[in-house]
Amino acid sequence: MCGGPGFQRSRLVRFFALALPIFLSQGAAAQLQAPPVTTDRPFGGKLVLTGGVTQVEGVAGGGLTPWALIGGYGTRDQVGGNGYYTHVRSQDFHLQSYGAMLGLYDRVEISVAQQRFDTEDVGAALGLGKGFTFRQDIVGLKVKVAGDAVLEQDQLLPQIAVGAQYKRNNREAVVKSLGATHDDGVDFYASATKLFLAESVLVNATVRLTKANQLGILGFGGDRSTSYKPMLEGSAALLLSRNWAVGAEYRSKPNNLKIAREQDWWDAFLVWAPTKNLSVTAAYVDLGNIVIRDNQRAAYISLQFGF
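These figures come from a predicted structure and were not determined experimentally.

Student: Could you clarify how one ought to interpret the overall build of the protein chain in this entry?
Tutor: For the protein chain, the helix and strand inventory stands at three helices and 14 strands. A separation threshold of at least 6 residues defines the contact pool for the protein chain, and within that pool the share at least 24 residues apart is 60%. Summed over its atoms, the accessible surface of the protein chain is roughly 12800 Å², and 64% of this surface lies on carbon and sulfur atoms.

Student: Explanation requested: the sheet that holds strand 9 (residues 201-210) in the structure shown.
Tutor: Sheets are built from strands that pair by backbone hydrogen bonding, the pairs being arranged parallel or antiparallel. With antiparallel pairing, the twelve strands of this closed barrel are ordered in space as 3-4-5-6-7-8-9-10-11-12-13-14. Taking the axes of each pair of neighbouring strands and ignoring which way they run, one obtains an average angle of 20° across the sheet. Across eight bridges, the pairing between strand 11 (residues 244-251) and strand 12 (residues 265-275) is antiparallel. Residue pairing across strands places Gly 247 opposite Phe 269, the latter belonging to strand 12.

Student: Mind showing me how you'd approach the nonpolar core here?
Tutor: If you look at soluble globular proteins, the nonpolar side chains tend to sit buried side by side. Within the largest apolar cluster, 40 residues are counted, with the highest numbers of intra-cluster contacts made by Phe 117, Phe 134, Leu 218 and Val 285. Sorting the residues of this core by element identifies helix 3 (172-177), strand 12, strand 13 (278-290) and strand 14 (293-306) as the ones contributing at least two each.

Student: Which parts of the structure should I look at to understand the environment of Glu 262?
Tutor: Of note, Glu 262 is situated in the loop between strand 11 and strand 12. Glu 262 gets classed as buried once you look at its relative accessible area, which sits at 7%. As a C-alpha pair, Glu 262 and Leu 287 span 25 residues in sequence and 8.9 Å in three-dimensional space. What Glu 262 contacts, discounting residues up to four positions off in sequence, is Ala 212, Asn 213, Gln 214, Leu 215, Lys 253, Pro 254, Asn 255 and Asn 289. A distance of 2.9 Å separates a polar atom in the side chain of Glu 262 from a polar atom in the side chain of Lys 253.

Student: Looking at this structure, how should I read the pairing of strand 13?
Tutor: Look at any regular strand and the pattern is simple: side chains alternate between the two faces of the sheet. The buried fraction of strand 13 is high, at ten of 13 residues. Where strand 12 lies against strand 13, eight bridges are found, and the strand directions are antiparallel. Along strand 13, the bridge assignment pairs Trp 266 with Asp 286. Turn length for the strand 13-strand 14 hairpin, with the two strands adjacent in sequence and antiparallel, is two residues, and the turn residue Val 291 shows positive phi of about 55°.

Student: In this structure, what is going on with the pairing of strand 10 (residues 229-239)? I would like to understand it.
Tutor: In the sheet, strand 9 pairs with strand 10 via ten bridges, with the strands oriented antiparallel. Paired with Leu 202 across the two strands is Ala 237, which belongs to strand 10. Here strand 10 runs beside strand 11; their pairing, made up of seven bridges, is antiparallel. The residue bridging Gly 234 from the neighbouring strand is Tyr 250, located in strand 11. Hairpin connection, strand 10 to strand 11: the antiparallel pair is bridged by four residues.

Student: Please clarify how empty space enclosed by the protein should be interpreted in this entry.
Tutor: The method is simple in principle: a probe with the dimensions of a water molecule rolls over the atoms, and the space it marks as empty is what remains. For the structure shown, the criterion picks out four cavities of 30 Å³ or more. Within this model, the largest cavity holds a volume of roughly 210 Å³. The wall of the largest cavity is formed by 17 residues, among which Leu 95, Phe 117, Trp 265, Leu 287 and Ile 290 lie closest to the centre. Breaking the lining of the largest cavity down by element, the ones donating at least two residues are strand 4 (94-104) and strand 13. Per-element accounting of the lining of the largest cavity gives the leading share, three residues, to strand 13.

Student: Before we go on, may I ask you to explain a nonpolar patch on the surface in this structure?
Tutor: Together, Leu 238, Leu 240, Trp 244, Leu 270 and Trp 272 line one region of the surface with nonpolar side chains, adding up to about 440 Å² of accessible area. When you line up the elements, Leu 270 lands in strand 12.

The rules behind these values
- Residues numbered from 1 in each chain as written.
- Predicted model: local features only at pLDDT ≥ 70, side-chain atom pairs only at ≥ 80, totals over all residues.
- Heavy atoms only, no water.
- Helix = DSSP H or I, 4+ residues; strand = E, 2+ residues; numbered from the N terminus.
- Contact = heavy atoms within 4.5 Å.
- Areas by Shrake-Rupley, 256 points an atom, 1.4 Å probe, with all protein chains shown as cover.
- Pairing = 2+ DSSP bridges.
- Axes fitted to C-alpha atoms, helices over the stretch in contact; angles between N-to-C directions.
- Core = buried A, V, L, I, M, F, W, Y, C linked by side-chain atoms within 4.5 Å.
- Buried < 20%, exposed > 50% of the residue type's maximum accessible area, 1.4 Å probe, protein only.
- Polar contact = N/O pair within 3.5 Å; in protein donor to acceptor, adjacent residues only side chain to side chain.
- 1 Å grid on protein atoms, 1.4 Å probe; cavity = no way out; pocket = protein on both sides within 12 Å on 5 of 7 lines; lining within 4 Å.
- Points joined across faces, edges and corners; volume = space filled by probe spheres on them.
- Patch = residues over 30% accessible without salt bridge, like charges linked within 9 Å, V, L, I, M, F, W, Y side chains within 5 Å.
- Salt bridge = Lys/Arg side-chain N within 4 Å of Asp/Glu carboxyl O.

Here it is in structure tokens:
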């Protein structure tokens, strides 16, 4: 990306200046149609696990893909929030992700996250040095525009949300040497989530418009393609009890770089929420090819603290 930190901040300010009024106007219109919900408590009115866990890019959802649910346990007249830490380790790499989100009145979600991707021995093979690390900063905005996954059990309409994630990589020279076009970019997505309480089943579908290579860790766009591509993502979860859930996810990926063939991801996960304030997610994740290493299969562990 051209320019220094001031230029980067100005791009981020313009992103929110354009996106926030649009998203808030959609949310406000939907809010006028919704019946009021009153509570004597300022926090924590939702059922356990109905805010989802924290996705690897910092938003409420599963581990790999966003859901239409708003993070935290705040209802329509409450504020909620989460903090999280995630560690993913494959044979040749490891990724750490951590951050926080704020859910406003079960309508708007704002999130910040940072990812650190350690190349371990592969960094040396690429001439970058052993343990070479990419860092990516992410700011997200999500707005619920229709439906209510919990309260509207008598309707077929799922809860629907739209969102955007601004991402900035700290290794401009390296990602461009690998063929990437930019070191920053914006993902846009729409998610539809349906919770069948009687059957204890949740299903979610997400469509993402993206140029990101490996989430953006290897930059955006490339020598194969510089265009936005629609990618499909999906999740299904079964609530085993009030505190346990199992499920699986699938995330399709673009393939923009000649040097770094990118493949789709999938996982199988187990969530334990001993209290509303704490959840632990463990998963097996198949990441396919990453840069020059095939068959990357990873252990995934994530801790979430919320209210």
